[in-house]
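Close look at the chain arrangement
Letter by letter, the chains look like this.
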Amino acid sequence: MMEGDSITESAIKPSDMARTRAHVFVSGRVQGVYYRATTRERAQDQGVDGWVRNLDDGRVEAVFEGPEADVEAMVEFCHEGSERANVTDVEVEYEDPEAIDGFEVRW
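Residues numbered from 1 in each chain as written. Predicted model: local features only at pLDDT ≥ 70, side-chain atom pairs only at ≥ 80, totals over all residues. Heavy atoms only, no water.

Next up on the list: the UniProt feature "active site" (unreviewed entry) in the chain. The feature "active site" (unreviewed entry), as given by UniProt, occupies R36 and N54 in the numbering adopted here. In terms of the greatest pairwise C-alpha distance, the residues named above, spread along 19 residues, form a tight cluster of at most 7.8 Å across. On the secondary structure map, R36 appears in helix α1 (residues 35–46). Apart from residues no more than four positions distant in its own chain, R36 is found in contact with V52, R53, N54, V105, R106 and W107. The exposure class assigned to N54 is partly exposed, which follows from its relative accessible area of 27%. Those residues in contact with N54 that lie beyond four places of it in its chain are V30, Q31, R36, R59 and V60. At a separation of 3.4 Å, a polar atom in the side chain of N54 contacts the side chain of R36. (UniProt positions renumbered as here; feature names shortened; annotations may be inferred. Helix = DSSP H or I, 4+ residues; strand = E, 2+ residues; numbered from the N terminus. Contact = heavy atoms within 4.5 Å. Buried < 20%, exposed > 50% of the residue type's maximum accessible area, 1.4 Å probe, protein only. Polar contact = N/O pair within 3.5 Å; in protein donor to acceptor, adjacent residues only side chain to side chain.)

Now the structure itself:
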């Protein structure tokens, strides 16, 4: 770029924004209450990549990747989850993004 040149906001593609990754563990009544399906729908609406799955110990585990504000919105969503969920704890670990594309429910 030459001095005096500027980049307009519309010239910046979403893929150029810094990505962040949150690895989340959710405790409470979070299995059998549509928590995973609701998380997938919300992540897709938010434009966040990653996955969600049930753990054998009764928790739900999820990974969210995308722009920081969108990932943080998903972490906040995890404190509530689906209408039938009763979340008692949310643990979050921040990691280096792995360039995940799309969002899926894992089994």
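Under the defined criterion, the tally for this structure stands at 2 aromatic pairs. When the centroid spacing of 6.5 Å and the interplanar angle of 40° are considered together, the rings of Y35 and F77 count as tilted. Remark: F77 occurs in helix α2 (residues 68–78) and Y35 occurs in helix α1; sequence separation between them is 42 residues. Comparing Y35 with F77, the two get one shared label, buried. Ring centres 6.0 Å apart and planes at 15° place the aromatic pair F64 and F103 in the stacked group. Linking F64 in strand β3 (residues 60–67) with F103 in strand β5 (residues 103–105), this pair joins segments that are 39 residues apart in sequence. (Phe/Tyr/Trp six-rings, centres within 6.5 Å; stacked < 30°, edge-to-face > 60°.)

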